[in-house]
Amino acid sequence: MGVERVRLLDSGSLVIDRSHIMWNIDTGNPTRFPVYSVLIEHTDGLFLFDSGYDRGTVEEYLAFEEPDQTEEQTLPAQLDRCGFATGDVDAVINSHLHFDHCGGQRHLPDAVTWVGKEELRHCLVPESFAALGYSDRVFHRPDSAYRWLEGEEIDFADGIKLLRTPGHTIEHYSLLIERDGQRPMLFCADVTYTGETWEKELISGFHYDPVANVTSLRRVKHLAKRLDADVFLTHDMDAWESYKHAPDHY
Ligand code: ZN
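Here's what I pulled together on the structure shown here. Computed from a prediction, not measured in an experiment: that's the story for all the values here.

This paragraph deals with the coordination of the zinc ion. In this structure, His 96 (NE2), His 98 (ND1), His 168 (NE2) and Asp 190 (OD) serve as the protein donors to the zinc ion, at separations of 2.1 to 2.2 Å. Sequence positions of the residues that donate to the zinc ion give the spacing H-x1-H-x69-H-x21-D. Taken as a pair, His 96 in the loop between β4 (91-93) and α4 (99-102) and Asp 190 in the loop between β10 (185-187) and α6 (195-200) lie far apart in primary sequence, 94 residues in all. Assessed through its relative accessible area of 0%, His 96 is described here as buried. Given the relative accessible area of 1%, Asp 190 is considered buried.

Right, let's get into the sheet that holds strand β8 (residues 160-164). Strand order in the open sheet formed by five strands is β7-β8-β9-β10-β11, with mixed pairing between adjacent strands. This sheet does not close on itself; its edge strands, each paired only once, are β7 (153-157) and β11 (230-232). Between one strand axis and the next, the sheet turns through 25° on average, direction left out of account. Pairing geometry for β10 and β11, over three bridges, is parallel. Counterpart to Phe 187 in the pairing with β11 is Phe 232.

Cut-offs applied
Residues numbered from 1 in each chain as written. Predicted model: local features only at pLDDT ≥ 70, side-chain atom pairs only at ≥ 80, totals over all residues. Heavy atoms only, no water. Donors = N, O, S within 2.8 Å, 3.2 Å for Na, K, Ca; no water. Helix = DSSP H or I, 4+ residues; strand = E, 2+ residues; numbered from the N terminus. Buried < 20%, exposed > 50% of the residue type's maximum accessible area, 1.4 Å probe, protein only. Pairing = 2+ DSSP bridges. Axes fitted to C-alpha atoms, helices over the stretch in contact; angles between N-to-C directions.

Any functional reading would require information beyond the geometric quantities listed.
In structure tokens, the structure reads:
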């Protein structure tokens, strides 16, 4: 019972200024960063934590982020590399609904979506400053099946915990994977972007509540230390290149 394999699915890369990676620091330095999702093979089902971005949507709304995504880096191709079809995914867990975390869900119409209810509401009716971040809402259809993430610490399935880490967006969750005899894996999502911002406790320039964001960052740092977890950074190119990429697995 529990988590059998964990794979990182490559979704390509994007460019933003370094001052958006670390809020207000080091302006004028465009930086390319990776985007990926996490595929979890579990005895209870096949789960996906976030789903990457959709190239067409980014070209339409955020072309300045210079999307670099090959056909091989689309979600259906990445699943295929692992021996799965899009219809095999039982559920998607969204850390939050920024376009680079939910864009692949257009390929998964039958999967259940687990997300914070307030997060969905803010995605569908964004504050003006957040509208670009929430520019991909294709996953939301009349027949979309949602389940709500509620609580500080959710036991999603045996060995899969979701931790409420708000601030980057109104309802943001990080992922903790625990298996017997292995170091826990902590996917902090957009609580912070890189190894440097993890160390310096800096947050990105995109946020709903910066103080809550820093509090969430300290919470996951404390947890990572207490559990001696391997921390997987979300948008750090050097770190990404050091990780195993699908179809390799953890
Ligand atoms: Zn984000």
